[in-house]
Amino acid sequence: MTSRSAWLALSLTIAALAAPAQASAADAARGAKLAYTCLGCHGIPNYKNSYPVYSVPKLGGQHTAYMAAALKEYASQDRPHPTMHAQAVTMTDPDMADMTAYLSGQELKSTGRAVGSVPKAGQTCVACHGNDGIGILPEYPNLAGQHADYIEQALKAYRAGQRKNPIMGGMAAPLTDADIKALAQYYSSQRPGLCSADNAFRKADRCPAT
């Protein structure tokens, strides 16, 4: 085992043990009442963040445990984003559990089949995000079908240390812009994929089959 592989295996073990447990009985109906402000961005397909300009991430089908962890990072400003910080800092753990249950609906499940071949730079990414972009643990994000420009923005933020996550920071540090673009294109093309939490999604409580 290489030193990089050993470091990754140890990091994943620590992350899995340290990850906060998601509430087992989240109340999506309560979450619907709390999440009305979220839909102003995440409920509009292809909506853009104003500055810097990139697509607002799709939340339909996302792992709820990951979303709750992300909200806590926005609250602590380990992920810098003024609007998300203002929203997340007011939420309790039950609020986060209920809201993410509503916004995610039915979480994506791996089919075991990937579209295309993993880029060379992504050989270690599959340890968490899978070949088909479905996070192997609930705390790891699903990337399948996510906006490519959002994935690029997130990876560059980890690489620059703007997003403070020791595992992702270490993984992103050696990536070139070309590597990041290739990874973003690969994962955004995976199906079934994430979707915006728009009216059609909320009516069906799941992303459309693609």
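The rules behind these values
- Position labels on residues start from 1 in each chain and follow its written sequence.
- Whole-chain, interface and lining totals are the exception, using all residues; otherwise, since this is a predicted model, local features are given only for residues with pLDDT of at least 70 and side-chain atom pairs are given and counted only at 80 or more.
- Note that water and hydrogens are dropped before the side-chain values are worked out from all heavy atoms of the structure.
- Throughout this description, the term nonpolar core refers to a set of buried Ala, Val, Leu, Ile, Met, Phe, Trp, Tyr and Cys residues connected via side-chain atoms within 4.5 Å.
- The buried label applies to any residue whose accessible area, calculated with a 1.4 Å probe on protein chains only, is under 20% of its type's maximum; exposed applies above 50%, and partly exposed to all values in between.
- Put simply, DSSP H or I for four residues or longer makes a helix, DSSP E for two residues or longer makes a strand, and each gets a number counted from the N terminus.
- Contact definition: two residues touch when any of their heavy atoms are within 4.5 Å.
- To obtain an axis, a line is fitted to C-alpha atoms, over the contacting stretch when the element is a helix, and the angle between two such axes runs from 0 to 180 degrees between their N-to-C directions.
- These descriptions rest on fixed angle ranges, namely under 35 degrees for roughly parallel, over 145 for roughly antiparallel, 65 to 115 for roughly perpendicular, and the rest for oblique.
- Handedness of each helix crossing follows the sense of rotation of the near helix against the far helix: counterclockwise by less than a right angle gives left-handed, clockwise gives right-handed.
- All residues other than Ala, Val, Leu, Ile, Met, Phe, Trp, Tyr, Cys, Pro, Asp, Glu, Lys and Arg, Gly among them, are scored as polar; the first ten of these are nonpolar and the last four charged.
- As used in this structure description, the phrase polar contact means that two N or O atoms lie within 3.5 Å; if the pair is within protein, one of them must be able to donate a hydrogen and the other to accept it, and residues adjacent in sequence are counted only when both atoms belong to side chains.

Section: the nonpolar core
If you look at the biggest cluster of nonpolar residues, it comprises 23 residues, and the most contacted ones within it are Ala35, Leu71 and Leu103. Every element with two or more residues in this core is listed here: helix H4 (64-76), helix H5 (82-88) and helix H6 (93-104). Sorting elements by how many residues they give to this core places H4 first, with six residues. Filtering out sequence-adjacent residues up to four positions away, alanine 35 remains in contact with Met99, Tyr102 and Leu103. Core analysis: the next-biggest nonpolar cluster, separate from the first, contains 14 residues, Cys125, Ile151, Leu155 and Ala172 among them.

As for the packing of helix H8 (residues 148-159) against helix H10 (residues 177-188)
At their nearest, the axes of H8 and H10 sit 8 Å apart, and the two run at 140 degrees to each other. By the angle between their directions, the pair H8 and H10 is classed as oblique. Once H8 is placed against H10, the crossing between them reads as right-handed. Residues Ala148, Ile151, Glu152, Leu155, Lys156 and Arg159 of H8 lie in contact with H10, whose contacting residues are Asp177, Ile180, Lys181, Leu183, Ala184, Gln185, Tyr187 and Ser188. Considering only residue class, the contact of H8 with H10 consists of seven nonpolar, two polar and five charged.

Some thoughts on the side chain of serine 55
Its place among the elements puts serine 55 in strand E2 (residues 54-55). Reaching out from serine 55, the side chain makes a polar contact with the side chain of lysine 48 at a distance of 3.1 Å. Look past the residues within four positions of serine 55 in its chain and what remains in contact with it is Tyr47, Lys48, His147, Asp149 and Tyr150.

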